[in-house]
Amino acid sequence: MQSKFHRYSFNNTLLIMQQRPEATQVAGYSAWRKLDRFVRKGEKGIWILAPMIHKADSGDDSADDTTKRVLRGFKPVPVFDLAQTDGPEL
């Protein structure tokens, strides 16, 4: 079951622990939906920083279709703890 959860960076782990020290398993809204759980109404998200990756083509007209992934920055996204969700046991 642990393999279905994302491993967060050190900085995001610090953000999670600062906002909700008792957090155990953390995932985004759609990740909880895939696990047949739902976030309770009125729950506040734990805000972390997610990378914004942009696909940039190589620019030359070569035959191979390789695309380069470029980090454009970070954006805040909410995640939720297991205690903020309802549904079947994991």
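Provided above is the structure to which this section pertains.
Residues numbered from 1 in each chain as written. Predicted model: local features only at pLDDT ≥ 70, side-chain atom pairs only at ≥ 80, totals over all residues. Heavy atoms only, no water.

### Digging into the overall build of the protein
Secondary structure summary: the protein contains two helices and five strands in total. The linear arrangement of helices and strands in the protein, starting from the amino end, is α-β-α-β-β-β-β. Within the span of the protein, comprising 90 residues, buried residues form 26% of the whole. If you sum the accessible surface of the protein, you get close to 7000 Å²; carbon and sulfur atoms cover 53% of it. (Helix = DSSP H or I, 4+ residues; strand = E, 2+ residues; numbered from the N terminus. Buried < 20%, exposed > 50% of the residue type's maximum accessible area, 1.4 Å probe, protein only. Areas by Shrake-Rupley, 256 points an atom, 1.4 Å probe, with all protein chains shown as cover.)

### Some points on the sheet that holds strand 4 (residues 67–81)
On the basis of which strands lie adjacent, the open sheet formed by three strands has the order 1-4-3 and antiparallel pairing. Because the sheet does not close on itself, it has two edges, and the strands there are strand 1 (26–27) and strand 3 (46–57). The pairing of strand 3 with strand 4 spans 12 bridges and is classified as antiparallel. By the bridge assignment, Ala50 is partnered in strand 4 with Lys75. (Pairing = 2+ DSSP bridges.)

### Focus on the pattern of salt bridges
This structure, assessed with the given rule, holds four salt bridges. Across the salt bridge formed by Glu22 and Arg20, the nearest N and O atoms sit 3.6 Å from each other. Accessibility expressed as a relative area gives 19% for Arg20, which makes it buried. Two residues, Asp86 and Arg40, come together in a salt bridge whose shortest N-O distance is 3.0 Å. Here Arg40 lies in the loop between strand 2 (38–39) and strand 3 and Asp86 lies in strand 5 (residues 85–86), a separation of 46 residues in the sequence. (Salt bridge = Lys/Arg side-chain N within 4 Å of Asp/Glu carboxyl O.)

### Some details on the pairing of strand 4
Successive residues of a regular strand alternate their side chains across the two faces of the sheet. Relative to strand 4, strand 1 runs antiparallel, the two being bridged by two bridges. From the neighbouring strand, Ala27 faces strand 4, where its bridge partner is Phe80.

### Brief notes about unusual backbone geometry
Most peptide bonds take the trans configuration, and most residues that are not glycine carry a negative phi. Phi is positive for Asp36, which is not a glycine, with a value near 60°. Structurally, Asp36 is set in the loop between helix 2 (29–34) and strand 2.

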